[in-house]
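Each chain, letter by letter, is given below.
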Amino acid sequence: MKRIAPFFIILAGSLWGIMGGFIRVLSAYGFSSMQLTCLRSVITFVCLLIFLIIYDRQLLRIHMKDIWMFFGTGVCSIAFFSFCYFRAIELTSLSTAVILLYTSPIFVTILSALIFHEKITPQKMAALFLAFSGCLFITGVFQSSMYLTPVALSYGLGAGFGYSLYSIFGHFAVKTYHPFTITLYTFLFAGLVTLPLIHPIPLARLMIASPGAVLPILLSGVVCGVFPYIFYTIGLTYVETGKAAILASVEPVVATLVSVFYLKEKLTWTAALGICLVLTALVLLNLKTNITAKKPA
């Protein structure tokens, strides 16, 4: 399992990258990003709850003393970063907000070194630089007019910091709980916090008025909620949190490919260069992981 753990994280990032296609479809029905975040949280929780009731009810049990872990992954991470990210989009350009969001691997690397005493190796720093540079090129920030106020910068960095906290709190949780349990209670807390923010009654009316949106909403919850968070949490069991955050940087690569092949958008040379840089970072990290794995033998 340890050898394929990086693949689980890359798979998780890939599934998160597909979310852009669902957002494009559901935005046409009038759903906001925060509403979709809440719906994804609720759907993920309900699906996992039903599954665990059938599969193994023992996985529903948690200790009250460990509530802080799930509050961290659900509220401090998912709910907080979603709120900050959407506010950043409102205050600045989308590409700028995305770049600030993808400062998260930097936060994870620093926090992991301070909290878990993970080594910041030259290979990790090189991969981090390549991945972040790739994200810069993918978003096309160099080709767009970038405007940034102190408030927008604060929200953007808040989004990146909040995004990073899932890896940190998740690292604590995987020592005691199954990935199914962690994902379940993460989205329970995320749903409870985001539900009051999106005005449930208007959302219910929009759902009733848009029956064609039901299937995409369900699919987005399962494909971009249930599976990727389970895969990523499994990966955290075997991979350093800093490496995991960098590996998940494949998300903008997949999002770009979805926009090109599914949404028929043009692939720019900067995006192509960015994809190459991110993929190079992933190869570099996996080469380091394989070399480390062979040393004991």
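Details of the structure are given in the entry above.
Residues numbered from 1 in each chain as written. Predicted model: local features only at pLDDT ≥ 70, side-chain atom pairs only at ≥ 80, totals over all residues. Heavy atoms only, no water.

### Observations regarding the packing of helix H3 (residues 33-55) against helix H9 (residues 179-194)
Where H3 contacts H9, the axes come no closer than 8 Å and their chain directions differ by 140°. Judged by the inter-axis angle, H3 sits oblique to H9. The handedness of the crossing between H3 and H9 comes out as left-handed. Contacts from Met 34, Cys 38, Arg 40, Ser 41, Thr 44, Phe 45, Leu 48, Leu 49, Phe 51, Leu 52 and Tyr 55 of H3 reach H9 at Phe 180, Thr 183, Leu 184, Phe 187, Leu 188, Ala 190, Gly 191 and Thr 194. For the contact of H3 with H9, the per-class residue count stands at 13 nonpolar, five polar and one charged. (Axes fitted to C-alpha atoms, helices over the stretch in contact; angles between N-to-C directions. Helix = DSSP H or I, 4+ residues; strand = E, 2+ residues; numbered from the N terminus. Parallel < 35°, antiparallel > 145°, perpendicular 65-115°, else oblique. Left-handed = near helix turned anticlockwise from the far one by under 90°. Contact = heavy atoms within 4.5 Å. Nonpolar A, V, L, I, M, F, W, Y, C, P; charged D, E, K, R; others polar.)

### Digging into the packing of aromatic side chains
Tallying each qualifying case throughout the model produces 21 aromatic pairs. Here the aromatic rings of Trp 16 and Tyr 232 are separated by 5.5 Å at their centres, their planes lie at 50°, and the arrangement is tilted. Taken as a pair, Trp 16 in helix H1 (residues 5-17) and Tyr 232 in helix H11 (residues 214-238) lie far apart in primary sequence, 216 residues in all. Neither Trp 16 nor Tyr 232 differs from the other in exposure class; each is buried. These aromatic residues form a ring-pair network of at least three members: Trp 16, Tyr 166, Phe 187, Tyr 229 and Tyr 232. We note Arg 87 situated over the ring of Tyr 155; from NZ or CZ to the ring centre the distance is 5.2 Å. (Phe/Tyr/Trp six-rings, centres within 6.5 Å; stacked < 30°, edge-to-face > 60°. Buried < 20%, exposed > 50% of the residue type's maximum accessible area, 1.4 Å probe, protein only. Lys NZ or Arg CZ within 6 Å of the ring centre and 35° of its normal.)

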